[in-house]
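Spelled out from the first residue to the last, the chains are:
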Amino acid sequence: ATALDVKIEFGGGLELLFDNQKNISISVPRKSEDSIVTIRDVLIHLKENHIRERPEMFMQGDTVRPGVLTLVNDTDWELCGGAEYPVQTGDCLCFISTLHGG
């Protein structure tokens, strides 16, 4: 396959940046037929194709901004390898903002 299908969930207000969608399914293109897709690739794809407003609330550079909890299949991404984790078909990535202004 030339694209990887991934489920994405948003929480803590991040869904507001994505047309108020808490759950989306996306297809992330692979660079080549057998190349891996990392969470970093998924983040860049989300930023370029799906985020509707204020991308700085979600990302800083090519990773999530501090304060955004990232889970891979309900496990903290830091335990999985962080942004370099090789995403598998059917993985669920969950992004939850822990930052709340007021």
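Note: the structure precedes this text.
From a predicted model like this one, the values you see are computed outputs, not experimental measurements.

(A) Looking closely at the overall build of the protein. Per the secondary structure count, the protein includes one helix and nine strands. The N-to-C order of helical and strand elements in the protein reads β-β-β-α-β-β-β-β-β-β. Considering only C-alpha atoms, the protein reaches an extent of 45 × 30 × 25 Å along its principal axes. Classification of the 102 residues of the protein by burial places 39% in the buried group. Taking contacts inside the protein between residues at least 6 apart in sequence as the whole, the part at least 24 apart equals 56%. As displayed, the protein has an accessible area near 5,700 Å², and 50% of this comes from carbon and sulfur atoms. The centroid of the 9 positive side-chain charges in the protein is displaced by 4 Å from the centroid of its 16 negative side-chain charges.

(B) Just the environment of Phe58, in detail. Inspection of the secondary structure assignment puts Phe58 in the loop between helix H1 (39-49) and strand S4 (59-60). Accessibility expressed as a relative area gives 0% for Phe58, which makes it buried. When the C-alpha positions of Phe58 and Leu14 are compared, they lie 7.1 Å apart, and in sequence the two are 44 residues distant. Once residues lying within four places of it in the same chain are set aside, the contact partners of Phe58 are Phe10, Leu14, Leu17, Phe18, Leu43, Leu46, Ile51, Thr63, Val64, Arg65, Val68 and Phe95.

Rules used in this analysis
- Residues numbered from 1 in each chain as written.
- Predicted model: local features only at pLDDT ≥ 70, side-chain atom pairs only at ≥ 80, totals over all residues.
- Heavy atoms only, no water.
- Helix = DSSP H or I, 4+ residues; strand = E, 2+ residues; numbered from the N terminus.
- Buried < 20%, exposed > 50% of the residue type's maximum accessible area, 1.4 Å probe, protein only.
- Contact = heavy atoms within 4.5 Å.
- Areas by Shrake-Rupley, 256 points an atom, 1.4 Å probe, with all protein chains shown as cover.
- Lys, Arg positive; Asp, Glu negative; His and termini not counted.
- Charge placed at Lys NZ, Arg CZ, Asp CG, Glu CD.

The quantities given are spatial measurements derived from coordinates; they are silent on function.
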